[in-house]
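What follows is each chain in one-letter form.
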Amino acid sequence: YDSANDELYEAVVNGGVTLNGKPLKPARATLNSAGSAAWFADRSLRNDPNFEKLQSEFDIRFVGGAVINSLKLLTEPGSFYCKVPKKSLGGCAIWDLAAVALMLEECSANALFYDGSPLHLNRSSSVFFNDRGLAFTSADVKVEALVGRLEALA
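Residues numbered from 1 in each chain as written. Predicted model: local features only at pLDDT ≥ 70, side-chain atom pairs only at ≥ 80, totals over all residues. Heavy atoms only, no water.

Asks: Where do I start with the nonpolar core in this structure?
Replies: Burial of nonpolar side chains together is a common tendency in soluble globular proteins. Counting residues in hydrophobic clusters, the biggest one holds 26 residues, and the most contacted among them are Leu74, Leu97, Leu119, Phe129, Leu134 and Phe136. Of all the secondary-structure elements, those providing two or more residues to this core are strand E2 (17-19), strand E4 (38-40), helix H2 (66-72), helix H3 (94-106), strand E7 (110-113) and strand E8 (134-137). Considering every element that reaches this core, the biggest residue donor is H3, with six residues. With 20 residues, the next largest nonpolar core counts Ile60, Phe62, Val147 and Leu153 among its residues. (Core = buried A, V, L, I, M, F, W, Y, C linked by side-chain atoms within 4.5 Å. Buried < 20%, exposed > 50% of the residue type's maximum accessible area, 1.4 Å probe, protein only. Helix = DSSP H or I, 4+ residues; strand = E, 2+ residues; numbered from the N terminus.)

Structure follows, in structure tokens:
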């Protein structure tokens, strides 16, 4: 539930996603070479040493935490939420992202680890994703291309 916008998202495996009780059909668009993908980011991104470079390459939007940022991908074409892998423990946990990962999958969007491999929610090694990172994208953004752009800017 997004209380700031009074929006209730619901999903059932193989049953699609509803927004306030109505079926949600994800918006689709194709980014052209001049297009700038919308990055729904955590406020901590401002502390990244490459923030200015990232800001010139992407349309960075600070709207909420991991869940709200990820929900935005359902309705905003050409958008993503990602977390680069890091050594320090913490960040997003299974309980933060399980429901929104299902919603993304139900809308043909992507909920993957940062390296593009399938998101595994039942890892025995950790309940956090800091070590693997995340790459969540709207249905029209290819994870491999996105991560490639991010790595080139690092």
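Asks: Help me understand H3 in this model?
Replies: With 13 residues, H3 ought to run about 18 Å at 1.5 Å a step, and its terminal C-alpha atoms sit 18 Å apart, in line with that. If you follow the buried residues of H3, they end up packed against strand E1 (9-11), E2, H2, E7 and E8. Downstream of H3 by a residue or two, Ser108 has a phi angle that is positive, lying close to 60 degrees. (Expected span 1.5 Å × (residues − 1). Contact = heavy atoms within 4.5 Å.)

Asks: Just to check I follow, could you spell out the environment of Gly91 for this structure?
Replies: Summarising the element assignment, Gly91 is placed in the loop between strand E6 (79-83) and H3. C-alpha of Gly91 to C-alpha of Leu134: the two residues are 43 residues apart in sequence and 11 Å apart in space. Not counting residues up to four positions away in its chain, the partners in contact with Gly91 are Asp96 and Phe128.

Asks: Quick question: what am I supposed to make of the packing of aromatic side chains here?
Replies: How two aromatic rings sit relative to each other is set out by the distance from centre to centre and by the angle between their planes. Taken as a whole, this structure holds six aromatic pairs when the rule is applied. When the ring of Trp39 is compared with that of Phe58, the centres are 5.6 Å apart and the planes differ by 90 degrees; the resulting orientation is edge-to-face. On the criterion of sequence distance, the pair formed by Trp39 in strand E4 and Phe58 in the loop between helix H1 (51-57) and strand E5 (59-61) is long-range, its members being 19 residues apart. As far as the burial class goes, Trp39 and Phe58 line up, both buried. Members of the aromatic cluster, connected to one another through ring pairs, are Trp39, Phe58 and Phe80. The ring of Phe62 carries the charged tip of Arg46 above its face, separated from the ring centre by 4.0 Å. The side chain of Arg132 reaches across the aromatic face of Phe113, ending 3.8 Å from its centre. (Phe/Tyr/Trp six-rings, centres within 6.5 Å; stacked < 30°, edge-to-face > 60°. Lys NZ or Arg CZ within 6 Å of the ring centre and 35° of its normal.)

On their own, these measurements won't tell you what the molecule is for.
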